[in-house]
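# Summary of structural features
Below are the chains, spelled out letter by letter.
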Amino acid sequence: MCAIAGEINLHCPPDDGLKARAERMLSTMGRRGPDQRGVFLTGCGSLIHARLSVIDLEKGRQPMAYQEGGAIFAIVYNGELYNTEEIRKELLLLGHTFQTRCDTEVALHAFMEWGEGCVSRFNGIFAFAVWDGINRRLFLARDRIGVKPLFFALRGETLVFASEIKTLLTHPLVPAELDISGIAELMLVGPGRTPGCGVFKGIEEVPPAHCGWFDGQGLRLTRYWKLTPKKHTESFEETARHVRFLVTDAIKRQLVSDVPIGTFLSGGLDSSLISSVACRELAKEGKRLSTFSVDYKDNERYFKAGKFQPAADTAFIRQMQGYLDADHHLVTLDTPQLTAALFEATEARDLPGMADVDSSLLLFCREIKKEVTVALSGECADEIFGGYPWYRDPEIRARAGFPWAQTTDWRFSFLKKEFARQIDPRAFMDERCRMTLQDTESLPDTPPEERRMQEMMRLNLDWFMQTLLDRKDRMSMYSGLEVRVPFCDWRIAEYLYSVPWAYKDHKQYEKGLLREAMAGYLPDEVLWRKKSPYPKTHNPAYREAVSALLRGVMADKNSPLLSLVKKEQLEVLLASDSAVPWYGQLMTAPQTIAYFLQLNHWLTHYKVHILA
C-alpha cells in the first residue's frame, strides 16, 4: 500500500512552481509510504508517490513509466491486486513484457492493453492514476468496494488528487473551508460521510467502483460495477460450499507478500476464520502466522454485557491461542493513551472519527507494525452476511432512515441557531437514504422481505461499511501498516447479494450461513459465538478523562467548537448516561463526548474557515 497524489492542468503553460507544490504534497505522504518516494513531471502536471514496499521491494518503484513510441504512460498506484498472476499471463500472451514482479506494472500494462476496461478485470483493492501521454489525459480509478481512498478537488481547469485530504490541503488552490453542507455532514452523518463527499468545501472522493478521465472536457466519472440481482438456484448445501470456496480463496489470495504478515484476532467469528485459514496456508510453506489482539487495562473488571456486546473477547482469544499454531501478541491499552491518541487519530483521518474506537485502532496498528508489515482483518463480513443487530430486528428493519443512526433530532439539537435554520435535518438524512434505496435493484418477483434485505445490504455497504473502511485504512496506514480485508472481495459481495435471507439467517442465527459454511475451521464455541463488535474500553476513567477535556474546551471562549455547537447542549451531554449510540453500536455517551473533542481539534488543527 502507498500514497498517491498529483496535479494536472491541461491548459496552462509550464509552471515554475509545479515541482515545489509536488514536494509539499509529498511531505504529507510519508506515513503511508515510508520506504520510497518519487515525482513524475509532465508538461502540464505531476504524479506523486510514496511507497510502502510489499512485493518486489527493489524494482517496484513509482511513479512507474513506460514509453511507447514517442509518448509515455505513467502510473501512481495504491493497493494490491490479488489476481496479478492471472492478468500477467494473459498480457504475456498478448506480447507484453515485464521487468518486475509487482502488481503496479501489471496494472499499467493492463491499462495500456484494455484502457478503462482494465478495472473490470481486477480483483483487489486499489486507487490509481495513469497519465496517458499519447492522448494527454489522466485516468483515475477506485476499487469496487471502496477499500482504498482517492480524494480530489477540481479548481477551474486544475485537478488535484490524493490518497488523503491532508495532501490536498497543502495545495494553494485547496483551502480548508467548511460550508453549511459540510456542517450538516459533521453533525448529522458523522463520523460517516455521504458517498463522494470530502466534508471540506470543494473536496470530493471518487466513489467506489468508479473510474474516469480528466481531459479537455473536464472530469468525467462513471460506475463500472454495482450489485445486481440474479436468480439464486443453488440449494443451501450448494450455497454453503460456494461460500466456503469464495471465503477461503479470498484469504489465500491475500497472503501473498514479500514482507512479514499477520492477522487481527479478536476471538470473534470473522477474524478467527481469517486467522485459521491463514495459519493453515502458511504452515504449508513452513511459516508461522503472527496474530494480534487488543484489550484495555481493567476491562475485565469493568466490562458489562449489553445488547451490542454480550460477552468480552478475552476467553475466546485464549481459546483461539490454544487452537492455532501461531505466534500471538496481546496489546493492552490504558485510558491515558486512548485519550491522548484521540487527536492523533483525527489527524490520521483528516476528520472527526469514531472517537476511542479510532484512537485504540491507531495505537493497536502502531504495535502491530513493530512485528509485521501486512495484516488481514475481518471487515465487511457483517455487511454482506447480515451480522448486525439491525438486520435481524424487524422493528428496526422497518424504520425509515439509517438503522445505525437513529438520533437525528438529538444530533441536530447541538447546532447553534444560525446554522440550524439553514438545515432541514430530516429531509437531509431522508434524501441521502433515498438515493441509495432508489439505486437498489431487485428482480421483479422478489418478495417484500427479500427486497428489504437487499436494500439493507446496499445501505450497509455504501454507508456504514465505508466508515469502517475509512477508519481501518487511515489508522493502519498512519503507521505504514498494510491491512487487507478478504471479506471485501467483490465476488463474495456479488454472490451474497442474491442469496436468500433465509439462507443467511440459517438457524435464525446472525451470519448462520457463514458459520455453517466454515465448519471445521474453528472450535464450535467460537464458530457459534454471538456477534460482538470491535472491543472498546469500559473503564469509567475514560469518561472522566474525556469529560474533563471537554469542560476545558468549553471554558475557553475561543474554542472553535463553540462557534458551531451550543454550550448548554454539551452540558446536557456531559450529564447524560444514555446508552443510545450516536453512531453504530459503540459510540455511546463517552464516545460522543470524545467526538466533540475531535471536532474541536479538527477545526483548530486544520485552521478550518467556516463559511456558513
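Structure's up top.
Each chain carries its own residue numbering, running from 1 in the written order of its sequence. Where local features are concerned, this predicted model is filtered to residues with pLDDT of at least 70; where side-chain atom pairs are given and counted, the filter is 80 or more; whole-chain, interface and lining totals use all residues. Side-chain numbers come from the whole structure's heavy atoms, not from hydrogens or water.

Our focus in this paragraph is the overall build of the protein. Helix and strand counts for the protein come out as 25 helices and 19 strands. Counting all 612 residues of the protein, 64% fall into the buried class. For the protein, the accessible area works out to roughly 22,600 Å², and carbon and sulfur atoms hold 51% of it. One way to put it: in the protein the 76 positive side-chain charges average out to a point 2 Å from where the 80 negative ones average out. Only runs of H or I of at least four residues qualify as helices and only runs of E of at least two qualify as strands under DSSP, and these elements are numbered from the N terminus. The rule is simple: take the accessible area with a 1.4 Å probe, protein chains only, and divide by the maximum for that residue type; under 20% is buried, over 50% is exposed, in between is partly exposed. The Shrake-Rupley method, run with a 1.4 Å probe sphere, supplies the accessible areas, and residue values consider only the shown protein chains as cover. A residue counts as positive if it is Lys or Arg and as negative if it is Asp or Glu; His and the chain ends are not included. Every charge is mapped to an atom, namely NZ of Lys, CZ of Arg, CG of Asp or CD of Glu.

This part is about the nonpolar core. Only buried Ala, Val, Leu, Ile, Met, Phe, Trp, Tyr and Cys residues count toward a nonpolar core, and they belong to the same one when joined by side-chain atoms within 4.5 Å. Judged by nonpolar contacts, the single largest core of 189 residues is most densely connected at Phe128, Phe200, Leu496, Leu550, Phe596 and Trp602. Ranked by residues supplied to this core, first place goes to helix 18 (residues 448-477) with eleven residues. Beyond its immediate chain neighbours, meaning those up to four positions away, leucine 550 contacts Leu561, Leu570, Leu574, Ile593, Phe596 and Leu597. One finds Ile4, Ala74, Leu150 and Val206 within the second-largest nonpolar core, a separate group that totals 19 residues. Two residues qualify as a contact provided that any one of their heavy atoms is within 4.5 Å of a heavy atom in the partner residue.

So, about the pairing of strand 3 (residues 45-51). Taken residue by residue, a regular strand's side chains alternate between the two faces of the sheet. Of all seven residues that make up strand 3, seven are buried, and the element is covered over most of its length. One ladder, built from seven bridges, connects strand 1 (residues 2-9) with strand 3; its direction is antiparallel. Note that in strand 3 the partner of glycine 6 across the bridge is leucine 47. For two strands to count as paired, DSSP must find a minimum of two bridges between them. With seven bridges joining them, strand 2 (residues 36-42) and strand 3 adopt antiparallel strand pairing. Residue pairing for strand 3: valine 39 is matched across the bridge by isoleucine 48. Two successive antiparallel strands, strand 2 and strand 3, enclose a turn made up of two residues.

Grid spacing is 1 Å over the protein atoms alone, the probe is 1.4 Å, and a cavity is where that probe fits but cannot get out, while a pocket is an open set with protein on both sides within 12 Å along at least five of seven lines and lining residues have an atom within 4 Å of a point. Grid points are joined across faces, edges and corners, and a volume is the space filled by probe spheres set on the points. The volume enclosed by the second largest pocket comes to roughly 400 Å³. Along its surface, the second largest pocket is lined by 22 residues, and Arg144, Pro208, Arg223, Arg458 and Asp462 are the ones closest to its centre. Residue assignment for the lining of the second largest pocket shows that the elements contributing at least two residues are helix 17 (425-437) and helix 18. Per element, the largest residue contribution to the lining of the second largest pocket is six residues, and it comes from helix 18. Residues are grouped as follows: nonpolar covers Ala, Val, Leu, Ile, Met, Phe, Trp, Tyr, Cys and Pro; charged covers Asp, Glu, Lys and Arg; every other residue, Gly included, is treated as polar. Its residues assigned to classes, the lining of the second largest pocket comprises twelve nonpolar, four polar and six charged.

With that out of the way, let us pick up the sheet that holds strand 3. The strands that make up a sheet are held in pairs by hydrogen bonds between backbone atoms, and each pair lies either parallel or antiparallel. Taken in spatial order, the six strands of this open sheet run 2-3-1-9-8-11, and their pairing is antiparallel. The strands lining the two open edges of the sheet, one partner per strand, are strand 2 and strand 11 (203-205). Here the strands of the sheet are splayed against their neighbours by 15° on average, with no regard to which way each runs. The pairing of strand 8 (residues 151-155) with strand 11 spans three bridges and is antiparallel. Bridge pairing in strand 11 links phenylalanine 151 to glutamate 205. Where helices are involved, their axes are fitted lines through C-alpha atoms of the stretch in contact, as for all axes, and angles between N-to-C directions lie from 0 to 180°. In the packing of helix 1 (residues 18-26) onto the sheet, contacts are made with strand 1, strand 2, strand 3 and strand 9 (158-162), and the angle to strand 3 comes to roughly 25°.

Bringing the packing of helix 5 (residues 180-189) against helix 17 into the picture now. What describes two packed helices is the angle between their axes and the distance between those same axes. At a minimum axis separation of 11 Å, helix 5 and helix 17 run at an interaxial angle of 85°. When the axes of helix 5 and helix 17 are compared, the pair comes out roughly perpendicular. Where helix 5 abuts helix 17, its residues Ser181, Ala184, Glu185, Leu188 and Val189 lie against Pro425, Phe428, Met429 and Arg432. Counted by class, the contact of helix 5 with helix 17 contains six nonpolar, one polar and two charged residues. Each angle gets one of four labels, with under 35 degrees taken as roughly parallel, over 145 as roughly antiparallel, 65 to 115 as roughly perpendicular, and the rest as oblique.

On to empty space enclosed by the protein, then. What the rule picks out here adds up to seven cavities of 30 Å³ or more. Within this model, the second largest cavity holds a volume of roughly 120 Å³. Around the second largest cavity, the lining comprises 13 residues; the ones closest to its centre are Arg193, Pro195, Glu205, Gln466 and Asp470. Sort the elements by how many residues they give to the lining of the second largest cavity and helix 18 lands first, with four residues. For the lining of the second largest cavity, the residue count by class is three nonpolar, five polar and five charged.

Turning next to helix 24 (residues 567-575). Within helix 24, the full set of buried residues consists of Gln569, Leu570, Leu573 and Leu574. Down the axis of helix 24, the buried set is contained in an arc of 150°. They therefore lie on one face. Residues of helix 24 that are exposed and point over 90 degrees away from its buried face: Glu568 and Ala575. Those residues of helix 24 that are buried lie in contact with helix 15 (408-412), helix 23 (540-555) and helix 25 (589-605). The directions considered for the arc are those from the helix axis to the C-beta atoms.

As a further point, take the packing of aromatic side chains. Working definition: a ring pair exists when centres of Phe, Tyr or Trp rings (six-membered ring for Trp) sit within 6.5 Å. Plane angles under 30 degrees give stacked, over 60 give edge-to-face, the rest tilted. Inspection of every chain in the model, using the stated rule, returns 31 aromatic pairs. Their ring planes at 70° and their centres at 6.2 Å tell us that phenylalanine 73 and phenylalanine 111 sit as a pair that is edge-to-face. Linking phenylalanine 73 in strand 5 (residues 71-81) with phenylalanine 111 in helix 3 (residues 103-114), this pair joins segments that are 38 residues apart in sequence. Residue classification places phenylalanine 73 among the buried residues on the basis of a relative accessible area of 6%.

Quick look at the environment of arginine 349 now. When you line up the elements, arginine 349 lands in helix 10 (residues 335-349). With a relative accessible area of 5%, arginine 349 lands in the buried category. Through-space distance from the C-alpha of arginine 349 to that of aspartate 313 is 27 Å; in sequence the pair is 36 residues apart. Not counting chain neighbours up to four residues away, the residues in contact with arginine 349 comprise Pro191, Met354, Asp358, Thr467, Asp470, Arg471, Arg474 and Met475.

Purely geometric numbers; function is a separate question.
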